[in-house]
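Structural characterization, general
Listed below are the residues making up each chain.
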Amino acid sequence: MVKKVEKLPDHVCIIMDGNGRWALSRGMERNVGHRQGLEAVREATEFAAEKGIPYLSLFAFSEENWGRPQSETDALMSLIVKAIHSETPTMMKNNIRCVFIGDREQLDKNVLERMDTCVSQTAGNTGMTLIVAVNYSGKWDILQAVKRILELNPPSGHLLSPEIFSTYLATAGVPEPDLMIRTSGEMRISNFMLWQLAYTELYFTPVLWPDFRRPDFEAALNAYYNRKRRFGKIQESL
Ligand code: FPP
């Protein structure tokens, strides 16, 4: 019989989806859903830290999100800035180190300043690492890695292996996600960590992100424990 996974995942990543639908179904504007989604961010982060999950990644803003009306992208950016500021004490209390991944080029100076301050304030924390993806996309990540490799002097492309390539990704040093959770019933990866998700267990729940609570996270972990991970091998070779 194939062994079940009993171990806690080293890295969980979450595509937080359904904020807009949560608000619209209550006759409220979409941004109310994003604000409510922040409660779920806090609860999921505290839950993961308490459980002892070493890495938690949250997809807060994708490159494609710029295609939304400016009123929504402005509101999302200011929510992210406010959240980073207001959540830093919670991160300190829970010994959480925070890092950001994504293309910094299009981000406003005030967003970058808040991000950098949070990174340096939490740098000494030794518990969970929280990875917040802001203006991130998986294709951007692979391209920025390729561009940096092409600039190497002397040219070193011939030395590349998957392990070495990974060290050029925005997630360098972070284990590939064991479990990806996406809320709201959509079953897509939506340009999240394309390279890193190669062997990740995918978990989709109909729960909208603002409603995602500890029992929902626990249900995702239970589903993960029951997965049979073979990584393309057969049981006898594991
Ligand atoms: C997707 O719902 C959610 C987002 C695009 C934004 C999520 C961001 C936050 C909750 C803030 C996070 C902040 C930090 C610092 C981690 P959607 O708008 O696509 O929902 P819909 O599919 O129902 O329209």
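It should be noted that the structure appears before, not after, this text.
To start, this report covers the structure provided alongside it.

Rules and cut-offs
- Residues numbered from 1 in each chain as written.
- Predicted model: local features only at pLDDT ≥ 70, side-chain atom pairs only at ≥ 80, totals over all residues.
- Heavy atoms only, no water.
- Phe/Tyr/Trp six-rings, centres within 6.5 Å; stacked < 30°, edge-to-face > 60°.
- Helix = DSSP H or I, 4+ residues; strand = E, 2+ residues; numbered from the N terminus.
- Buried < 20%, exposed > 50% of the residue type's maximum accessible area, 1.4 Å probe, protein only.
- Salt bridge = Lys/Arg side-chain N within 4 Å of Asp/Glu carboxyl O.
- Axes fitted to C-alpha atoms, helices over the stretch in contact; angles between N-to-C directions.
- Parallel < 35°, antiparallel > 145°, perpendicular 65-115°, else oblique.
- Left-handed = near helix turned anticlockwise from the far one by under 90°.
- Contact = heavy atoms within 4.5 Å.
- Nonpolar A, V, L, I, M, F, W, Y, C, P; charged D, E, K, R; others polar.
- Core = buried A, V, L, I, M, F, W, Y, C linked by side-chain atoms within 4.5 Å.
- Pairing = 2+ DSSP bridges.
- Near = heavy atom within 4 Å.
- Polar contact = N/O pair within 3.5 Å; in protein donor to acceptor, adjacent residues only side chain to side chain.
- Areas by Shrake-Rupley, 256 points an atom, 1.4 Å probe, with all protein chains shown as cover.

Here's the deal with the packing of aromatic side chains
- All told, the structure shown has eleven aromatic pairs when counted by the stated rule.
- Seen in terms of ring centroids, Phe59 and Phe192 are 4.2 Å apart; in terms of plane orientation they differ by 15 degrees. Their pairing is stacked. Separated by 133 residues along the polypeptide, Phe59 in strand β2 (residues 55-62) and Phe192 in the loop between β5 (179-182) and β6 (201-204) bring together distant segments of the chain. As far as burial versus exposure is concerned, Phe59 and Phe192 are alike and both buried.
- Pairwise contacts between aromatic rings join Phe47, Trp209, Phe212 and Phe217 into one cluster.

Things to note about the pattern of salt bridges
- Under the defined criterion, the tally for this structure stands at 18 salt bridges.
- Close ionic contact of Glu87 with Arg42 constitutes a salt bridge, the shortest N to O distance being 2.8 Å. Of this pair, Glu87 sits in helix α3 (residues 70-93) while Arg42 sits in helix α2 (residues 30-51), and the two are 45 residues apart along the sequence.
- We classify Glu87 as buried; its relative accessible area is 10%.
- Asp178 serves as the salt-bridge partner of Arg229, at 3.0 Å between the closest nitrogen and oxygen. Pair noted here: Arg229 is in the segment after α7 (214-225) and Asp178 is in the loop between α6 (162-166) and β5, with a separation of 51 residues, a long-range link.

Quick look at the packing of α2 against α7
- The interhelical angle for the contact between α2 and α7, taken along N-to-C directions, is 50 degrees, at an axis separation of 9 Å. Accordingly, the angle class assigned to the pair α2 and α7 is oblique. Of the two elements, α2 crosses α7, and the hand of that crossing is right-handed. Contacts between α2 and α7 pair Glu43, Ala44, Glu46, Phe47, Ala48, Glu50 and Lys51 from the former with Arg214, Phe217, Glu218 and Leu221 from the latter.
- Partitioned by chemical class, the residues of the contact of α2 with α7 number five nonpolar, no polar and six charged.

Side note on the side chain of Asn31
- Within the secondary structure, Asn31 sits in helix α2.
- For Asn31, a relative accessible area of 13% gives the class buried.

Comments concerning the nonpolar core
- Ile14, Leu56, Ile181 and Phe217 are the most contacted members of the largest nonpolar core, which has 43 residues in total.
- Tallying contributions element by element places α3 first for this core, with eight residues.
- In contact with Leu56, other than residues within four places in its own chain, are His11, Val12, Ile14, Ala44, Thr45, Ala48, Met128, Thr129, Leu130, Ile131 and Phe217.
- The next biggest cluster of nonpolar side chains, apart from the first, holds 14 residues, and it includes Cys13, Ile101, Met180 and Leu197.

Remarks on the environment of Glu63
- Within the element layout of this structure, Glu63 appears in the loop between β2 and α3.
- Looking at Glu63, the relative accessible area reads 26%, which means it is partly exposed.
- For the pair Glu63 and Asp103, spaced 40 residues apart in sequence, the C-alpha separation works out to 8.2 Å.
- Once you skip the residues sitting within four places of it in the chain, Glu63 turns out to touch Asp103, Gln106, Asn135, Tyr136, Ser137 and Trp140.

A closer look at the pairing of β2
- In terms of burial, β2 is largely enclosed, as seven of its eight residues are buried.
- One ladder, built from five bridges, connects strand β1 (residues 11-15) with β2; its direction is parallel. When the sheet's bridge partners are listed, His11 is paired in β2 with Tyr55.
- Of the strand pairs in this sheet, β2 and strand β4 (residues 129-136) are connected by seven bridges, and their pairing is parallel. Following the sheet pairing, Ser62 is matched in β4 by Tyr136.

Points about the site of the ligand
- Taken together, 17 residues lie near the ligand, and Met16, Asp17, Arg21, Arg30 and Arg68 sit nearest.
- One of the side-chain N or O atoms of Arg30 is found 2.9 Å from an oxygen atom in the ligand.
- In isolation the ligand has 630 Å² of accessible area, and contact with the protein removes 91% of it.
- For the shell around the ligand, the secondary-structure elements that each account for two or more residues are α1 (19-24), α2 and α3.
- Residue contributions to the shell around the ligand peak at five residues, all from α2.
- When grouped by side-chain class, the residues that make up the shell around the ligand number seven nonpolar, six polar and four charged.

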